[in-house]
Amino acid sequence: MTDWKKICAVSDVPVLGSRVVDSEAHGRIAVFRNSADEVFAVHDKCPHKAGPLSQGIVHGKTVTCPLHSWKIQLEDGQVVAPDVGCVKHFPTKVENGEVFLAL
Amino acid sequence: MRKLKLVMVGNGMAGVRTLEELRKIAPDMYDITVFGAEPHPNYNRILLSPVLAGEMTIQDIILNDLQWYADNGITLHLGSTVTGIDRQNRSVVATGKDGQRIEVDYDRLLIATGSTPFMPPIPGKELPGVLAYRDIKDTDEMIDAAAKYKHAVVIGAGLLGLEAANGLALRGMDVTVVHISDWIMERQLDRTGGKMLQAELENKGMKFRMNAQTAELVKGESGRVCAVKFKDGESIPADLVCMAAGIRPNVELAEKAGIYCNRGIVVSDTLQTYDPRIYAVGECANHRGTAYGLVAPLFEQAKVCANHLAMYGIGRYQGSVTSTKLKVTGIDVFSAGDFSGAEGTEDIVLHDPGMGIYKRLVLKGDKLVGTVLYGDTKDGAWYFQLLKDAQDVGEIRDHLVFGNAHLGDVGHKGNSMAASMPDSAEVCGCNGVCKGTIVKAIQEQGLFTLEDVRKHTKASSSCGSCTGLVEQILASTIGGAYQPADSNNKAVCGCTDHSHGEVRKAIRANKLLSVAEAQKFLEWKTPNGCASCRPALNYYCISTWPHEAIDDPQSRFINERAHANIQKDGTYSVVPRMWGGLTNPTELRAIADAAEKYKVPTVKVTGGQRIDLLGVKKEDLPAMWSDFAAAGMVSGHAYGKSLRTVKTCVGSEHCRFGTQRSMDLGVKLEKMLFGMWSPHKFKLAVSGCPRNCAESGIKDIGVIGVDSGYELYVGGNGGIKTEVAQFFCKVANDDEVMEYGGAFIQLYREEGYYLERTCHYIERVGLEHVKKQVLEDASQRKALHERLLFALQNYKDPWAEIFEDKSGGTLKREFEIIKV
């Protein structure tokens, strides 16, 4: 069964920004909010050289890694071509203005 | 709405590129049908030469496989020849590959029939063994003949002829090239270049017959061609004759349909023929009197044509300047523009026969109008750029011929001859990319632009110092298909078609005050831009409208958001400001305490005369800053596209040689410029005497004290490519340094493109322009200086803003981690 964990209010995540969640079981997770107020979560580790994706620039449903500009799709954790790879993606939901993460 | 019907006649590179562009911008507008006479899907015709030479296979050069047509819902008729266009009823009639009749209606018709080789009217040209060199079929026949026969004759020593000759020679044939003129490739090379090339090809075993007129191709006993006979009566054996005497646009179909043709199908700037429903692109089209035979212009046409087909109608094709590159492995030849030596032109020539190097630059006034390079073509792309942009090269005439990379390009062993480099040679020292990897990517992925190569291989995508070399490899791999981007009109990124200059102008003219506003006004194609354009837009807004524009932290790179430098492991480095490189025991004590308190693993002295604390956790940043503030220290902005440091020597305060108080002036300059954002990082130095211990010669602004005042130098750079600063002016005192220097900085802040260092900015606009604004016009100078001071007034230390956080926590939360 999915274990939905309450994280914070949507408004605690900046628009086109992120927050870092530290989970005992999964390590650091980056939670993003885009301009359409959608919330996404992926492992805070770029598949290229482990850059902290939470520190990247968010655009559309994508984040650009701050270290070497790999682009990662936030919906599924897939790396945008021509680079190849993927990062673990976590389901999210927003209820009553609160962000929940499936851990 | 019913989908419109688009029919394309011809299945070559220009046409299919048009469809690709169209699918990008209007994927659902048309039902598309394509007729191709050849039985193959779209392939890279330019790479037939490497196929003939045995360096690639047919499979390698397919650009769009059958799956691509299927995936994009395109109906493809291969091996089908279109026989007529019925313009009244808007339909085309074709004969299919099994001889069946196909008729298809169109709303828009695109003619991309390319060209056919010109067969000179020589008796015997229809004999078996005589062929042109145009498509896969010809290539296969030549490969086949090379295996069976010995003697080959190529008629015509143009680009294509020489590539054919080279391929046949590599396949073991005895090749003679017959040419009507004095020297080979006379349209692309001057006499000297042509003769050098001929000598090198002769060394490879090729034979030449110059000034030779072919009288007849002689039929042998087997019925196949056996010899070529010249007008002077001599003859040479020939089992294979390849005609490479030029191409003719394929206009028959269009002409038959009553469309106006004149050495090509005549098209407008929107690639429309005289019948506006019918477009033509590629080698079959005549635009403003020119039918282009190289791929690069055709791709430009494709883009404009697609834009118009998609009913955007904003693009216009205005013709191209083309460059030439011979694809013969191991030989570097490059030419561009007009090098005929017309009246009013001057030549700059460097000729070293021993090294096999020849460079000729043709100038008209202070503009480059043509160039021929032989042996060392690494600067070809750069010259081509100067030529296309019609840049004033008066200031750099004295070293123009030595190229753009004549000093300071580091990290790739100064390699210059791309074609002769081994595949294992490292090209990009940052990302460890070898030549072979780049060539393979270009060939296998069908790459045509520097951007594509960067994306796929990462070569030249980091520091960029190997860009010239990568461009050269690209050019030598794809030949004439390579065209460097137009630097003045290059789009900011894939999110828009607007250039940096246009964006800056629009932000100023329309008082756009935020990234979002600018994107909306300029009709950005993506919802929030990307990591390339957002920081640029943010800078343009805040630098154009200080105190009014909204500075968007989410549009800044992480370093400027966290006010520290991100490191490879995700920790940060912190550099407190040391004004003019000066410090004191209190500051040093605070740094030592902080290093212990926050367990900083590395403490290092920087090149900018201050101290760097490396390996700080992001969560610790606000507290550490607060500790520094207690000792009177503020952010050093070591992380920003902003003022970095003012490096100083000790000056006349202590030094026995010093003529000016350099530390004092350095501190004053740094205080004046504190908190200044700029297109790129900005460094200054002040030296107290001409011994120049502060290294003023490689700074954005370098100040050198002399007995009578100060000399100002601008546009220096000590990084990727060492650029020596240029002398700007001489001033009398500290106040004048601040005013003249400040005015220069403000001009750069207002006119520079994002991520353009001062050396590149000056290269683009010309030092003359800068001098005119700052030196010649005193009121303009004062106004610039005042605008700078206005922009910087009331600037608050960003570290203090965050740890004090008067917003009630929203600034600090960037640094907090949520535990679950």
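Residues numbered from 1 in each chain as written. Chains lettered and ligands numbered in written order. Predicted model: local features only at pLDDT ≥ 70, side-chain atom pairs only at ≥ 80, totals over all residues.

K.L.:
Residues and numbers for the overall build of chain A, please.
P.N.:
When you go through chain A residue by residue, the secondary structure sums to zero helices and ten strands. N-terminal to C-terminal, the α/β element order of chain A is β-β-β-β-β-β-β-β-β-β. For a compact globule of 103 residues, the expected C-alpha radius of gyration is about 13 Å, and chain A comes in at 13 Å, within 12% of that figure. By its C-alpha atoms, chain A is 40 × 30 × 20 Å across when sized along the principal axes. Burial statistics for chain A: of 103 residues in total, 44% are counted as buried. Counting only contacts in chain A whose residues sit at least 6 apart along the sequence, the fraction spanning at least 24 positions is 43%. (Helix = DSSP H or I, 4+ residues; strand = E, 2+ residues; numbered from the N terminus. Rg over C-alpha atoms; globule rule 2.2 N^0.38 Å. Buried ≥ 20, exposed ≤ 12 C-beta atoms within 10 Å, placed from the backbone. Contact = placed C-beta atoms within 7 Å.)

K.L.:
Help me get a handle on the sheet that holds strand 5 (residues 91-95) of chain B, residues and values and all.
P.N.:
Residues and elements named next belong to chain B. Strand order in the open sheet made by the three strands is 4-5-6, with antiparallel pairing throughout. At either margin of the open sheet sits one strand with a lone partner, and together these are strand 4 (81-86) and strand 6 (101-105). For this sheet, the mean inter-axis angle between neighbouring strands, taken without regard to orientation, is 20 degrees. As paired elements, strand 4 and strand 5 share five bridges and run antiparallel to each other. Following the sheet pairing, Thr81 is matched in strand 5 by Thr95. (Pairing = 2+ DSSP bridges. Axes fitted to C-alpha atoms, helices over the stretch in contact; angles between N-to-C directions.)

K.L.:
Explain the nonpolar core to me, and be specific about the residues and the numbers.
P.N.:
Grouped together as the largest cluster of nonpolar side chains are 142 residues, with contacts concentrated most on B:Ile111, B:Val154, B:Val241, B:Cys242, B:Ile265, B:Val281 and B:Ile438. Here this core takes nine residues from helix 8 (residues 295-309) of chain B, the largest share from any one element. Not counting the four nearest positions on each side in its chain, B:Val241 is found in contact with B:Gly129, B:Val130, B:Val153, B:Ile155, B:Leu217, B:Val225 and B:Val228. If you look at the next biggest cluster of nonpolar residues, it comprises 86 residues, including A:Leu67, A:Val99, B:Ala725 and B:Ile745. (Core = buried A, V, L, I, M, F, W, Y, C linked by C-beta atoms within 7 Å.)

K.L.:
Break down unusual backbone geometry for me, citing the residues and quoting the values.
P.N.:
The omega torsion of the bond from A:Ala81 to A:Pro82 falls at 10 degrees, within 30 degrees of zero and hence cis. Along the polypeptide, A:Pro82 turns up in the loop between strand 7 (71-73) and strand 8 (89-90). Although it is not a glycine, A:Ala50 sits at a positive phi angle of roughly 65 degrees. Relative to the helices and strands, A:Ala50 resides in the loop between strand 4 (39-43) and strand 5 (57-59). Residue class for A:Ala50 comes out partly exposed when judged on the 15 C-beta atoms lying within 10 Å of it. Positive phi outside glycine occurs at B:Met311, with the angle close to 65 degrees. Along the polypeptide, B:Met311 turns up in the loop between helix 8 and strand 21 (323-325).

K.L.:
Hey, could you go over the environment of B:Asn538 for me, with residue numbers and the actual values?
P.N.:
All names here are of chain B. By the element assignment, Asn538 lies in helix 16 (residues 533-544). Overall, the presence of 26 C-beta atoms within 10 Å leaves Asn538 in the buried class. Sequence-wise, Asn538 and Arg556 are 18 residues apart; in three dimensions their C-alpha atoms are separated by 7.5 Å. What Asn538 contacts, discounting residues up to four positions off in sequence, is Val515, Asp551, Asp552, Ser555 and Arg556.

K.L.:
Give me the sheet that holds strand 15 (residues 235-237) of chain B: which residues, what numbers.
P.N.:
Residues and elements named next belong to chain B. The sheet built from three strands is open, its strands ordered 13-14-15 with antiparallel pairing. Only two strands of the sheet have a single partner each, and these edge strands are strand 13 (214-219) and strand 15. Averaged over all adjacent pairs, the angle separating strand axes in this sheet is 25 degrees, with direction ignored. Relative to strand 15, strand 14 (residues 225-230) runs antiparallel, the two being bridged by three bridges.

K.L.:
Please give an account of helix 13 (residues 467-478) of chain B that cites residues and values.
P.N.:
Structural remark: α-helix, 3.6 residues per turn; residues separated by three or four positions point the same way. All names here are of chain B. For helix 13, spanning twelve residues, the distance from its first C-alpha to its last is 16 Å, which sits close to the expected 16 Å at 1.5 Å a residue. The buried fraction of helix 13 is high, at twelve of twelve residues. Residues Thr467, Gly468, Leu469, Val470, Glu471, Gln472, Ile473, Leu474, Ala475, Ser476, Thr477 and Ile478 constitute the buried set of helix 13. (Expected span 1.5 Å × (residues − 1).)

K.L.:
Quick one: what's the story with helix 6 (residues 191-203) of chain B, residue by residue and with numbers?
P.N.:
Residues and elements named next belong to chain B. With 13 residues, helix 6 ought to run about 18 Å at 1.5 Å a step, and its terminal C-alpha atoms sit 18 Å apart, in line with that. Tucked into the core, helix 6 has its buried residues touching strand 12 (207-209), strand 22 (333-337), strand 24 (357-364) and strand 25 (367-374). Gly205 sits one or two residues past helix 6 and shows a positive phi near 105 degrees.

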